[in-house]
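For reference, the chains in residue letters:
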Amino acid sequence: MTEKKVFILSLGCAKNQVDSETLAGVLKGAGFSLVEKMEDAQIAIVNTCGFIQPAVEESIDAILDLEELKRAYSLEKIGVVGCLLNRYGEELKKELPMVDFWAEAGQWEALLADMGSSAGEAFQEVLPGHSVWSRYLKISEGCSNNCSYCMIPSIRGPLRSFAVNEILSRAEFLVEQGAREICLVGQDLTAYGMDWDGKSHLLRLIEVLNDKFSGSKIWFRLLYLHPARVNRDIISAVVSSDVFLNYLDMPLQHVDPEILAKMNRGAFSEKDLRMPFEVARELDPDFTLRTTFMAGFPGETEEHHSKVLDFIEEIQLDRVGVFTFYEEEGAKAALMPEQVPVSVRERRASEILELQSEISYRRQQRFVGKTLEALVEDKVEEDGKKAWGRTYRDAPEVDGLVEIASDKNLQPGSFVKVKIKEVYEHDMAGEAVERED
Ligand code: SF4
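The written sequence of each chain sets the order in which its residues are numbered from 1. For a predicted model such as this one, the threshold for reporting local features is a pLDDT of at least 70, and the threshold for listing and counting side-chain atom pairs is 80 or more; totals across whole chains, interfaces and linings nevertheless cover every residue. Hydrogen atoms and water are omitted, and side-chain values are computed over all heavy atoms in the structure.

Participant: Summarise the pairing of strand 12 (residues 288-295); cite the residues concerned and give the values.
Facilitator: With respect to burial, strand 12 is a largely interior element, eight of its eight residues being buried. Between buried and exposed lies partly exposed: a residue is buried under 20% and exposed over 50% of the maximum accessible area for its type, with that area taken using a 1.4 Å probe on protein chains only. Secondary structure counts use DSSP, requiring at least four H or I residues in a row for a helix and at least two E residues in a row for a strand, with both numbered from the N terminus. Residues Thr-288, Arg-290, Thr-292 and Met-294 of strand 12 are buried on one face, and the alternating residues Leu-289, Thr-291, Phe-293 and Ala-295, pointing to the opposite face, are buried as well. A pair of strands is considered paired only if DSSP assigns at least 2 bridges between the two. Relative to strand 13 (residues 319-324), strand 12 runs parallel, the two sharing six bridges. Its bridge partner being in strand 13, Phe-293 is matched across the sheet by Val-322. We call a crossover right-handed when, viewed with both strands directed away from the observer, the connection leading from the first strand over the helix to the second proceeds clockwise. Regarding the hand of the β-α-β motif, the stretch spanning strand 12, helix 12 (residues 302-315) and strand 13 is right-handed.

So, in structure tokens, the structure goes:
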């Protein structure tokens, strides 16, 4: 069995990060050893993302860099895997002759064969290099929503949900490895199970995980829910659970019914759209709500855009992300009439962000003087008396951080109660009042 050293460079979203961890496990199971630095590797593999154009560019730059590095570090081989290949397969192979092996997302056996190996006796779990205590858990693959601006369904295929038992044992395994926070991810969590019988089984999954982990000190976080399928039962299950955090990420993209219909986001009124946000805040006024908007979709007028701004003002969201519409090659929306000039898309996106920054700051102020639990992520000072952490309000990588001052050493991966002293638009600062030993 070979013992070649492999370096994996993971690009793109949280879902791709999970794929990289799986690939690392497959490689380890087949006898390869994983290294954290390119200079220690004999083989480098880049796991690409092919979702929206800037991600494609990032992926291509990374592959070109690898070609340079292949020479500089005397790498024996380089491989390119993942979504970019699902999308641009043959074209890409022709343009990048220095790449030695290729594999689409999930085609790991074929990759091993190309690497001159075969699947090992057992998949060997690989801990992520950075934060063992905060992990992503994919509950499904692919997507069947077919939003008109998105190529994911054709890149990643239709929705395939993993069995409840499989997810449960994966969660148990992550906890055994030291996870304190598990973020459930998928292209759309509310579609979970719809490939079985047309109904969403997300509520059942929340209940099963809650029954299993209730009483233990684990955080579960739900990322990416389609607002059309978030109902009172799901929100109540989250609010009454002691392990699910009162935090929801529900990408809206727009609020105008006409634009939403063109986006193929489902037919629903503005009232339907408000419902999950209102219910969440009714059940817990401190519920943290995150959403994403898309600015400048074809046919979006100033009036449509003003509706988005009014909605943001009315709902007082905690966190908002904005994309400017991008004509994805092959997506229906790219060919729609009434394309909005790029400068207008950008102006609208900055108006949304500008308005939201005041609101985010206002929402943060609610927490001054309150005590929030935080998961310690990183030490700021070597003695551990100042550290960065995240509260229930902060999903990893996209939201803010809390700077924690303490008279005792703070250990990354532990929970600490923090009295909030100061807040900023995204971040907070406070003092540790109680920590885990
Ligand atoms: S929900 Fe829509 S935007 Fe998200 S992956 Fe599916 S098709 Fe794309």
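Participant: Give me a negative patch on the surface: which residues, what numbers.
Facilitator: Patches draw on residues past 30% relative accessible area with no salt bridge. Two like charges within 9 Å are joined, as are two nonpolar side chains (Val, Leu, Ile, Met, Phe, Trp, Tyr) within 5 Å. The Shrake-Rupley method, run with a 1.4 Å probe, gives the accessible areas here. Residue values count only the displayed protein chains as cover. Put simply, a salt bridge is a Lys or Arg side-chain nitrogen that is within 4 Å of an Asp or Glu carboxyl oxygen. Counted charges follow a simple rule, with Lys and Arg positive, Asp and Glu negative, and His plus the chain ends left uncounted. Note that the charge is assigned to NZ on lysines, CZ on arginines, CG on aspartates and CD on glutamates. Negative charge collects at one region of the surface, where Glu-57, Glu-58, Asp-61 and Asp-65 lie side by side. The class for Glu-57 is partly exposed, based on a relative accessible area of 45%.

Participant: Provide a residue-level description of the nonpolar core, including the pertinent values.
Facilitator: By convention a nonpolar core is built from buried Ala, Val, Leu, Ile, Met, Phe, Trp, Tyr and Cys residues, the set being connected through side-chain atoms within 4.5 Å. By size, the foremost hydrophobic cluster in this structure holds 65 residues, and its most contacted members are Leu-184, Phe-220, Leu-222 and Phe-293. With sequence-adjacent residues up to four places away left out, Leu-222 is seen in contact with Leu-184, Leu-189, Leu-202, Ile-206, Val-238, Phe-244, Tyr-247, Leu-248 and Asp-249. One finds Trp-219, Ala-387, Val-418 and Ile-420 within the second-largest nonpolar core, a separate group that totals 28 residues. Contacts are residue-level and defined by heavy atoms, with any inter-residue pair within 4.5 Å sufficient.

Participant: Please provide a residue-by-residue account of the sheet that holds strand 9 (residues 181-185), values included.
Facilitator: As summarised here, the arrangement of the six strands in space is 6-9-10-11-12-13, forming an open sheet in which the pairing is parallel. With one partner strand each, in any of the chains shown, strand 6 (134-138) and strand 13 form the two edges of the open sheet. Taking the axes of each pair of neighbouring strands and ignoring which way they run, one obtains an average angle of 20 degrees across the sheet. Here strand 9 runs beside strand 10 (residues 219-222); their pairing, made up of four bridges, is parallel. Helix axes are fitted only over the stretch in contact, all axes being lines through C-alpha atoms; the angle between N-to-C directions runs from 0 to 180 degrees.

Participant: Residues and numbers for helix 6 (residues 164-176), please.
Facilitator: Take the number of residues in a helix, subtract one, and multiply by 1.5 Å to get its expected span. Between its terminal C-alpha atoms helix 6 stretches 18 Å, which fits the 18 Å expected from 13 residues at 1.5 Å a residue. Within helix 6 the residues assigned to the buried category are Val-164, Ile-167, Leu-168, Ala-171 and Leu-174. Angular distribution of buried residues about the axis of helix 6 spans 125 degrees; they occupy a single face of the element. Away from its buried face, by an angle of more than 90 degrees, helix 6 presents the exposed residues Asn-165 and Glu-176. In this structure, the buried side of helix 6 is in contact with strand 6, strand 9, helix 8 (202-213) and strand 10. Each C-beta atom gives one direction from the helix axis, and the arc is the one those directions make.

Participant: I'd like a rundown of helix 3 (residues 83-95), residues and numbers included.
Facilitator: Note that an α-helix has 3.6 residues per turn; residues three or four places apart therefore point the same way. End to end, helix 3 covers 17 Å across 13 residues, agreeing with the expected 18 Å (1.5 Å per residue, within 8%). Fitting axes to the seven residues ending at a residue and to the seven starting there, one defines the bend at that residue as the angle between these axes. The sharpest bend along helix 3 comes to roughly 100 degrees, located at Gly-89. Residues Cys-83, Leu-84, Leu-85, Arg-87, Tyr-88, Gly-89 and Leu-92 constitute the buried set of helix 3.

Participant: Give me the pattern of salt bridges: which residues, what numbers.
Facilitator: Per the stated rule, a full pass over the model turns up 37 salt bridges. Note that Lys-307 is salt-bridged to Glu-270, the shortest N-O span being 3.8 Å. Of the two residues, Lys-307 sits in helix 12 while Glu-270 sits in helix 11 (residues 270-283), which places them 37 residues apart along the sequence. Under the relative-accessibility criterion, Lys-307 is labelled partly exposed at 27%. Of the charged contacts, one joins Glu-302 and Arg-348 as a salt bridge, the two residues approaching to 2.8 Å between their closest N and O atoms. Placement of the pair is Glu-302 in helix 12 and Arg-348 in helix 13 (residues 342-365), with a sequence separation of 46 residues. Using a relative accessible area of 4% as the deciding quantity, one classes Arg-348 as buried.

Participant: Tell me about the domain arrangement of the protein, and please be specific about residues and values.
Facilitator: Reported domain spans reflect what an automatic or database domain assignment gives. Partitioning the protein into structural domains gives domain 1 (5-114), domain 2 (134-365) and domain 3 (371-435). Its C-alpha centre places domain 2 at a distance of 26 Å from the equivalent point of domain 3. Roughly 1,900 Å² of surface becomes buried between domain 2 and domain 3 when both sides are summed, with 49% attributable to carbon and sulfur atoms. Note on terms: buried area is the combined drop in 1.4 Å-probe accessible area of two parts once they are placed together, counting the loss on both. Looking only at domain 2, the three residues that lose the most surface to domain 3 are Trp-219, Arg-319 and Gln-364, adding up to 33% of its buried area. Run the count over domain 2 and domain 3 and you get six salt bridges.

Participant: Lay out unusual backbone geometry in plain terms, naming residues and giving numbers.
Facilitator: Backbone geometry at Asn-146 places phi at a positive 55 degrees, although glycine is not the residue there. Of note, Asn-146 is situated in the loop between strand 7 (140-141) and helix 5 (152-156). For Asn-146, a relative accessible area of 44% corresponds to the partly exposed category. One non-glycine residue, Glu-397, lies in positive phi territory at about 75 degrees. Mapped onto the secondary structure, Glu-397 falls in the loop between strand 15 (386-390) and strand 16 (402-405). In this structure Glu-397 comes out as exposed when scored by relative accessible area, which is 71%.

Participant: Please provide a residue-by-residue account of the sheet that holds strand 16, values included.
Facilitator: Taken in spatial order, the five strands of this closed barrel run 14-15-16-18-17, and their pairing is mixed. Taking the axes of each pair of neighbouring strands and ignoring which way they run, one obtains an average angle of 50 degrees across the sheet. Looking at chain direction, strand 15 and strand 16 are connected through four bridges and run antiparallel. Across the sheet, the residue bridging to Lys-386 is Ala-405, located in strand 16.

Participant: Help me get a handle on the packing of aromatic side chains, residues and values and all.
Facilitator: Stacked, tilted and edge-to-face are the three classes applied to pairs of Phe, Tyr and Trp rings, where Trp contributes its six-membered ring and a pair requires centres within 6.5 Å; stacked means planes under 30 degrees apart, edge-to-face means over 60, and tilted covers the rest. All chains considered together, the criterion is met by seven aromatic pairs. Both rings, one in Phe-213 and one in Phe-220, keep their centres 5.3 Å apart while their planes meet at 50 degrees; by these two values the pair is tilted. Judged by relative accessible area, Phe-213 falls into the buried class, the value being 6%. One aromatic cluster is present, built from ring pairs that chain together Tyr-149, Phe-297 and Phe-325. Directly above the aromatic system of Phe-415 lies the positively charged group of Lys-217, at a separation of 4.3 Å from the ring centroid. Any Lys NZ or Arg CZ found within 6 Å of a ring centre and within 35 degrees of that ring's normal is scored as a charge over the ring. When the ring centre of Tyr-247 is taken as reference, the NZ or CZ atom of Arg-221 above it lies at 4.8 Å.

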